[in-house]
Structure formats: C-alpha cells, structure tokens
Amino acid sequence: MRIFHVILMTLALLAGVSGAQAQGAFGGGAPHIAARLVAESATPAPGKSTSIAFAMVPEAGWHGYWENPGDAGLGMTVNWTLPKGVSVGRLRYPVPETLLISGLMNHVYEGPYGVLATLTVAPDVAAGTRLPVLAKAQWLACTDKVCVPESGEMALDLVAGDGQVVAADRARFDGWRSHLPRPLGSEATYAIAGGKLRLSVPFPADAQASNVHLFPLAEGLARYAAPQSVTRDGDRLLVETDAGEGGKGGAVQAVLATGDHVGFLLTARPGAVAASGGVAGAILIALGGALLGGLLLNIMPCVFPILGLKAMKLAKAGGDERTVRREALAYAGGVIATCLALGAALLALRAAGAAVGWAFQLQDPRIILSLLLLVSAIAFNLAGLFELRAVGGGEGLAGKGGMAGAFWTGTLVAFVATPCTGPFMGAAMGAAMVLPLAAALAVFAGLGLGLALPFLLLAYIPALRTRLPRPGPWMARFQKILAIPMFLTALGLAWLLGQQRGVVGMTIGLAAMLTFVLLLWWLGSRQRAGRGGGWIVALAGLAVLGGAVALLPSRAPAAAAQEGAALPFDEAKLASLRAADKPVFLYFTADWCLTCKANEAAAIDRAETRAAFDKGGVTVMVGDWTNADPAITRFLEGQGRSGVPLYLWYAPGKEAQTLPQLLTPATLTALVR
C-alpha cells in the first residue's frame, strides 16, 4: 500500500515535470522549500558535540514531510561528506502536523521548520583544524495538487575550537529544539483486537494536552487517515484508532503530539490496555460544569431581561399548560441548537487547522455590529417604541408565531450570552476540545440546557408559576424597566466595536444604530395607526447593516504604549523572563468577557495589587483576546483551555500555577508574600 501511494505521487510529479524543472526540481531554479545548513557553533570543541540543522522554509501553499510521511510523500535523505574525526548522528525531526488530501493522511510541515542532527568532533582533533562538512540532501516539496522533488548541496566550514555559541544562534536552535518530541519517561502499552489499535500512554492528570494525535514512526501500526479517539483516564491518555496492516508486533515507537509542534517520543509494547473507566466520569464532570455555567448565564444583562419578559408571558398564559410547555420547549430548542451549532463550528474550524477558541463569534466586528443593531431593536421594543413579536411573544403564546418567536429568542440569547460562560466553564470547555466528538457536543448541549433550564422549570412546574405576580398594569412598567439592561448591553457592544476597530468603527456602529432606530420609530408610528411595515424595516435594516460592514476599518488600531502598563503576551519574552528566574503574573482577557473585566476591576487593577507586585519584582503580562490571535489561542490550548479568562502565576524556577477564575486582591497579593 505504501509503495502504491508513492507511485501515485510519482505519477503526479511526472504529469507536471516540465514545469517543475524550472522551479527547483533536482537543482533547477529556485526551490519551493528553501534549505540552509547551519551550525550552532562555528568552532566545535574536540571531544564534544554541537548541533547542526537544515533550516527549511516552504513557500506559501507548499509543505515538507516528516520522517514517516504518512500515506503519501517522502522524507528527507542526506549523504554526508565528512572530514576525519567528525561524525553526524541521525536526523531529528520536529513534531509534525496532519494534512488530509483526497483521503490520504500526510505528516507535514506547512511553515518554517528545522531538522536537527548532532555533530561530534573526536578528542584527538587539534584545535584550529578546518572541518569542512558537505551535505547533499533531497526532499519532496508538495502542494495539495503537485509534488516536486528538490535537492541541494550545502556546506559548513567549521574550525575546531572552544565550542563557543553566539547568543542569537543559541536562541534559534533553542526554538528548533523546543519543537522536537521529548522522550516520555515511562513505557506505553498497546493492544490490537478486532481491527482496532488501543494505546495507553502514561500522562499526568494535571498535564496539559490539546489536539492530541498519534504519529507512528514505523509503518503498519495504525491506519494513518483513520479518526483517532483520545480520552483521559486519570494519569493515562487512551488513544483508539484503526489498526494498520502488516504490523510486526513487539516494541514500537511513535510521537504523541500534545499541542502546537509539542509532543513526546514514546515506546510502546504489547500489553493489556484497561478499559477507560474514568472517561465516563470526566464526561459527567464536564457536563456538570456546562450545566452550571449555563445557569449562571441567566443573570447576564443581555439574558435576564428576556427571561423576565418570557416569565411574564407565562404568567399571562394562565392555565393553558400545553401552550406554556410548547413555548418553553421551543425556547430551549433555540438555545440548545445554537450552542450545538457554535460548538460544532468551533470543532470543525479547529479540525481544519484554524486557531480559534470558544466565543470566536465575538472576535468578528461584523457580528458585533449585527448584534448592536439587534440588541438596540430589542431595547427599544421593551421601551415601547414599537412591537417586536419575535422577542416579546405577542399578546398570546398559542399558534405558530409564538413558537417561532420563542425559538428565535432562544437563538439570540445563546448567541450573545455564551462568550461569558462564567468561572465554572473553563475546565468543561477545555475537556470538550479533547473528548470524542459525541461527548464534546454533549458538553455544548449541556451548556444550552443549563441556560434554558429556568424557563423550562417555570413551564413544567405550575407551582413555580403561581408564585409569579398576577398579570396587571405593572407588567408594562416592568417591561420598560427591563429595557435598561438591554440599553446597557447595546452600549457595551458599541464600546467593544470601538476596541476592535477604533473610534472610526464605533462611530460607524452608532450611526448605523441611529439610522436603524429611526426606521423602528417610523414602524412604531405605523403600528399605532394599525398599519404594517415590518418587512420594509427589515430589508432597510439589512441594507444599513451591509453598508456599515462595508465601511468598517479592515484592521484594529495600533495600541499606544503606556508607561508602567502590563507587557503584551509574547511567548518568547515569557520564556526569557522565566529563564532569568523572574516572577510573572500572566492573564488572558477580552473586552467582551464580563468575568475578565470584573476580575480586572476588583482585583488586578487595584492599588494594593500593583504595590505588592512592584515590591516583589513581578512582571505582569496580558494576552488580549478581544480580536482573534492564533498565538494566544494556541497557548490557551496548551493550557487545556479554549477561552478566557485564564490566570497563571510563574514563581521563580517553578511551573505555572493556575489561579481561580474569580480573583480577589488577597489572592494576588498572597502570591508574593
């Protein structure tokens, strides 16, 4: 089968070989993957070793291959010409990525990468001896449509010396080394039965892992393109996939990716792989966190007014139990369907390679602008400017209109509220990223059920409804009071639009809102005269939205540096601070995250906290996730999280301590005592 795949790729190459010759095939024009041979030290010391590397830089749209390229492709081969007294070890590849093309799984690198090797100088080589190293390398460069074999002759002119390493070269090689798979201290076990491979990997329960994938080093262990199910069971990771053909048994090696170009080199031997009794418990815990997080969402300012309004409509429905329950089920259906849709979209985008996390919809200013107009319409509806049946539910709950209104109300509530999933949802969302698809979707559905639960309880427990105030003139006044938090929500969305696209973006959003409100005022005056016009306003509103979206700036404004402000998140800077044994408080936030803003006001941006951090020499670093940032998303994934807030404390010489998601000044000041 492997030979068959190579033949297919060779035929694809021959189909376009005339064009490929001019683009670097076997030494032709400029290669699609530029390669350089570099050394960490230009003066390796006799009797010691140094690292050398092939620095590979693919063109956009092209990729190179891992040592086991998967179903298709070819890895790098090198022929060395070495001086006396010099030896070079095997090539060491970084943790690869997956790329599925036409049902074939490729183990690839789509960005710059380094393939390392160890160069050793014999002890009897005299200092000052020239050590010319020549390498003739061959590799395959591919897109999703064509492959081109490329090669290059590269040389190093080294001199035996003191082994000194320039700081810039050490930093570059450290970056490459950080992407090499690290040896796993304990052996794994695997079992093959019924065409399935099950692998049990020792992995601490508190260690972070995301986007876990098994890359076998030898052919025949697993079917590369088959889906891989990864679950956690205490101090183990359990991987299940389709077994390959032709596996010889005995000890096997593989790389287990546990993050973005981060993973472990493991050795696995045949043995018993216990059933994952703890997986069901992990799913139940994640479901419990999702339900609790959904319940907490009901107190959000954009949710509570609608819930209160729906509760009033239930009170007006009287004893018509069938109508009440149909309305509640429709509302719950809209909430759960939206949570499932957002969760499925998130999982699909991540599977496609996009670096996105939970609440990704509020990182798009076009969606913020749409929500600004919609929330403004709801606010003015509650204030009595016009009648919007889809939210208010009309005068009665019976009939198709009431059901449709309840469903779309639930959709709106879930779409706006889910980014603020509360302090109990961080672990649940992180678990959803590594659970099997069905279990992950169950977590998202649990979030929707928790959000819809109060309304369902009111509908299905008549005793609760009897405790609601009796219908009367007070309801009209209460409805207008409920408009206040909706206006505040609209104000918050306008502010958020300004954070994402600057003053110009906020001005465009407010102008669009004002235009839309004038249309609603016109509609309200017609409704009071007994005439319609809703469709005209709807179409005009879409035109206003489209024009405003077209006028939005294409990128966020540059942030002005402020003296004494926290450092922006930079993983390399974080690593250098930790290497220097500096204490670091790192937190991730977003302007649309209410929990984040509350913690900043109540604990982080407080005089006593700043004084304690200044006294303890603490560097504060902040990752702002208001706009989509792949670097922040990948770091969050590495911590087992898919959203914000996240608070990390790095004491000198120690690993990160994850702090609670609800902070107090005492929590932070105690870190430096």
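Residues numbered from 1 in each chain as written. Predicted model: local features only at pLDDT ≥ 70, side-chain atom pairs only at ≥ 80, totals over all residues. Heavy atoms only, no water.

S.K.: Go over the overall build of the protein chain, please, and point to the residues and values.
M.R.: Counting its secondary structure elements, the protein chain contains 19 helices and 23 strands. Taking contacts inside the protein chain between residues at least 6 apart in sequence as the whole, the part at least 24 apart equals 75%. Of the roughly 30,600 Å² of accessible surface on the protein chain, 62% is carried by carbon and sulfur atoms. (Helix = DSSP H or I, 4+ residues; strand = E, 2+ residues; numbered from the N terminus. Contact = heavy atoms within 4.5 Å. Areas by Shrake-Rupley, 256 points an atom, 1.4 Å probe, with all protein chains shown as cover.)

S.K.: Describe the packing of helix α7 (residues 365-382) against helix α14 (residues 534-551), and please don't skip the residues or the numbers.
M.R.: Relative to each other, α7 and α14 sit at 145°, their axes nearing to 10 Å. Helix-helix and strand crossings are classified by hand; for α7 and α14 the assignment is right-handed. Each of Arg 366, Leu 369, Ser 370 and Leu 373 in α7 lies in contact with α14, whose residues at this interface are Gly 541, Leu 545, Ala 548 and Val 549. Looking at the contact of α7 with α14 residue by residue, the class counts come to 5 nonpolar, 2 polar and 1 charged. (Axes fitted to C-alpha atoms, helices over the stretch in contact; angles between N-to-C directions. Left-handed = near helix turned anticlockwise from the far one by under 90°. Nonpolar A, V, L, I, M, F, W, Y, C, P; charged D, E, K, R; others polar.)

S.K.: Account for a nonpolar patch on the surface, with residues named and values stated.
M.R.: A cluster of nonpolar side chains, Leu 329, Leu 457, Tyr 460, Ile 461 and Leu 464, forms an exposed patch at the surface whose accessible area comes to about 400 Å². Among the secondary structure elements, Leu 464 is positioned in helix α12 (residues 462-466). (Patch = residues over 30% accessible without salt bridge, like charges linked within 9 Å, V, L, I, M, F, W, Y side chains within 5 Å. Salt bridge = Lys/Arg side-chain N within 4 Å of Asp/Glu carboxyl O.)

S.K.: Explain the nonpolar core to me, and be specific about the residues and the numbers.
M.R.: As a rule of thumb, soluble globular proteins bury nonpolar side chains together. Counting 52 residues, the largest nonpolar core has Leu 369, Leu 586, Phe 588, Phe 635 and Val 644 as its most contacted members. At the level of secondary structure, the elements contributing two or more residues to this core comprise α7, α13 (474-528), α14, α15 (571-579), β20 (584-589), α18 (630-638) and β22 (646-650). Per element, the largest residue contribution to this core is 15 residues, and it comes from α13. In contact with Phe 635, other than residues within four places in its own chain, are Phe 569, Glu 571, Leu 574, Leu 586, Phe 588, Leu 648 and Tyr 650. (Core = buried A, V, L, I, M, F, W, Y, C linked by side-chain atoms within 4.5 Å. Buried < 20%, exposed > 50% of the residue type's maximum accessible area, 1.4 Å probe, protein only.)

S.K.: Lay out the environment of Ala 39 with the relevant residues and their values.
M.R.: Within the secondary structure, Ala 39 is located in strand β1 (residues 33-39). Exposure remark for Ala 39: the relative accessible area of 13% places this residue in the buried category. In this structure the C-alpha to C-alpha distance between Ala 39 and Leu 158, which are 119 residues apart in sequence, comes to 8.5 Å.

S.K.: Summarise the sheet that holds β20; cite the residues concerned and give the values.
M.R.: A sheet is described by the order of its strands in space; here 5 strands give the open sequence β19-β21-β20-β22-β23, paired in mixed fashion. Two strands in the sheet have a free side with no partner beyond their single neighbour: β19 (567-568) and β23 (657-658). Bridge analysis of β19 against strand β21 (residues 619-624) gives 2 bridges, and the strand direction is parallel. Among the inter-strand pairings, Pro 568 is bridged to a residue of β21, identified as Val 622. Packed onto the sheet, α15 meets β19, β20, β21 and β22 and runs at close to 160° relative to β21. (Pairing = 2+ DSSP bridges.)

S.K.: Residue-level account of the sheet that holds strand β8 (residues 113-121), with values.
M.R.: Pairing is antiparallel in the open sheet, where 4 strands are placed in the order β1-β2-β8-β5. With partners counted over all chains shown, the strands left at the sheet margins are β1 and β5 (86-88), one partner each. For this sheet, the mean inter-axis angle between neighbouring strands, taken without regard to orientation, is 25°. Note that β5 and β8 share 3 bridges and pair antiparallel. Each residue of the ladder has a partner; that of Ser 87, found in β8, is Thr 120.

S.K.: Give a description of the state of the cysteines that names residues and reports values.
M.R.: As enumerated under the stated definition, the model contains 1 disulfide in all. A sulfur-sulfur separation of 2.0 Å characterises the disulfide bridge that pairs Cys 142 with Cys 147. Here the disulfide of Cys 142 and Cys 147 is right-handed, its torsion about the S-S bond being about 115°. Like Cys 142, the residue Cys 147 is buried in the burial classification. (Disulfide = S-S within 2.5 Å.)

Keep in mind these numbers describe shape, not what the thing actually does.
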